[in-house]
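A closer look at the structure
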Amino acid sequence: MKTKVTIIGFGTMGRAIAKALSGNDRTVKVFSVEKNIKNMNITGKNIRKSNFLILAVKPQDAKEAIKQVKKYFDKKTILISIMAGVSIKKLIYLSGRKKIIRMMPNLGLSVGQGIAVWKGMGLSKSEARKAKNFINKITDNFEVQDEDVINKATAVSGSGPAYFFLLADCLIKACGRLGFTKNESRRLVEKTFSASALLARTGDYSTLVKKVASKGGTTEAALKVFRKRNFDKIVSEAVRAAYKRAKELGHA
Ligand SMILES: NC(=O)c1ccc[n+]([C@@H]2O[C@H](COP(=O)([O-])OP(=O)(O)OC[C@H]3O[C@@H](n4cnc5c(N)ncnc54)[C@H](OP(=O)(O)O)[C@@H]3O)[C@@H](O)[C@H]2O)c1
């Protein structure tokens, strides 16, 4: 029997999850709920048939999105929220559902390289097993017991791809200032980053840094600037700010 899924909110993540689920797997049927639903009858039927309902709207749209579909929820359906910050307690309050999974994936799942953390609530052992199998179809993942770990992961892996893109963008701009064309800059940075991601598997990061940076050399000159400007502290402060914001969203 096919696993049926309704995704509420069909933006960047909703679409990426649908793609990950329906890629090669013919055992999953995905329905979507977009804003301003035109045919509520069909949508209602699909929601009732669904084993899993994925909430992929922005946190500020959660109340409205849940309100519009709430009456179609089936008792057995498991609600999976991927919204940053929104707590399980709040999800129970808004949805009236008791079987809930709060999960924090990342955009990596759109290229088969996602990582997610999740916590389930109100699930029987067999439901938790089914949920785990289902999440495995979407992304690499691990379960956590403390819900606050989800806020912490949000600040690291949920937001993380943006930190990486920011660094790449800064490097491309620095390339431009050295006189490279846009196309040359992008090629230099892209190949460097994709190769570094592969090389990362070959050792721990401090050893890898040393492999590139010889004593008194060019890389060391650059690393000195990073250290002098306290790059480590900047990264740590940025992650803390994201973590704080995830907690704030939970109380909003
Ligand atoms: N983007 C990421 O990398 C990422 C990673 C992990 C988790 N998340 C979480 O995933 C959620 C979605 O993020 P996103 O980046 O995919 O946002 P997004 O691209 O803005 O997608 C949200 C979608 O939900 C739609 N929507 C709004 N209200 C709705 C309603 N009442 N019913 C149905 N659809 C409705 C929006 O339509 P309109 O555009 O017309 O308003 C939009 O298409 C967020 O809660 C975020 O915290 C995102």
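To keep things clear, this report deals only with the structure shown in the data block. (Residues numbered from 1 in each chain as written. Predicted model: local features only at pLDDT ≥ 70, side-chain atom pairs only at ≥ 80, totals over all residues.)

**Observations regarding the site of the ligand**
Taken together, 26 residues form the shell around the ligand, and within it Gly9, Gly11, Met13, Met83 and Ala84 come nearest. Class assignment for the residues of the shell around the ligand results in 14 nonpolar, seven polar and five charged. (Near = placed C-beta within 6 Å. Nonpolar A, V, L, I, M, F, W, Y, C, P; charged D, E, K, R; others polar.)

**Remarks on the sheet that holds strand 5 (residues 100-104)**
Taken in spatial order, the seven strands of this open sheet run 2-1-3-4-5-6-7, and their pairing is mixed. Two strands lie at the open edges of the sheet, namely strand 2 (28-33) and strand 7 (140-143), each paired on one side alone. Each neighbouring strand pair of the sheet contributes to a mean axis angle of 25 degrees, computed without reference to strand direction. As paired elements, strand 6 (residues 115-121) and strand 7 share four bridges and run parallel to each other. Looking across to strand 7, one finds that Val117 is bridged to Phe142. Of the strands in this sheet, strand 4 (78-81), strand 5 and strand 6 are in contact with helix 4 (residues 88-95), which crosses strand 5 at around 130 degrees. This element, helix 5 (residues 125-138), spans strand 1 (3-8), strand 2, strand 3 (52-55), strand 4, strand 5, strand 6 and strand 7 of the sheet and lies at about 160 degrees to strand 6. (Pairing = 2+ DSSP bridges. Helix = DSSP H or I, 4+ residues; strand = E, 2+ residues; numbered from the N terminus. Axes fitted to C-alpha atoms, helices over the stretch in contact; angles between N-to-C directions. Contact = placed C-beta atoms within 7 Å.)

**Details of the packing of helix 7 (residues 160-177) against helix 8 (residues 182-199)**
Two elements in contact, helix 7 and helix 8, have axes separated by 9 Å at closest approach and are oriented at 135 degrees. With respect to each other, helix 7 and helix 8 are oriented oblique. Here the hand of the crossing between helix 7 and helix 8 comes out right-handed. Listed contacts from helix 8 to Ala168, Leu171, Ile172, Cys175 and Gly176 of helix 7 are Lys182, Ser185, Arg186, Leu188, Val189 and Phe193. Among the residues making up the contact of helix 7 with helix 8, the classes are represented as seven nonpolar, two polar and two charged. (Parallel < 35°, antiparallel > 145°, perpendicular 65-115°, else oblique. Left-handed = near helix turned anticlockwise from the far one by under 90°.)

**Side note on helix 6 (residues 148-158)**
Looking only at helix 6, the buried set comprises Ile150, Asn151, Lys152, Ala153, Thr154, Ala155 and Gly158. Among the structural elements, strand 5, strand 6, helix 7 and helix 11 (231-251) are those in contact with the buried residues of helix 6. (Buried ≥ 20, exposed ≤ 12 C-beta atoms within 10 Å, placed from the backbone.)

**Here's the deal with the environment of Lys4**
Looking at the element boundaries, Lys4 is found in strand 1. Sequence separation between Lys4 and Thr27 is 23 residues; the distance between their C-alpha atoms is 8.6 Å. Once residues lying within four places of it in the same chain are set aside, the contact partners of Lys4 are Lys29, Lys49, Ser50 and Asn51.

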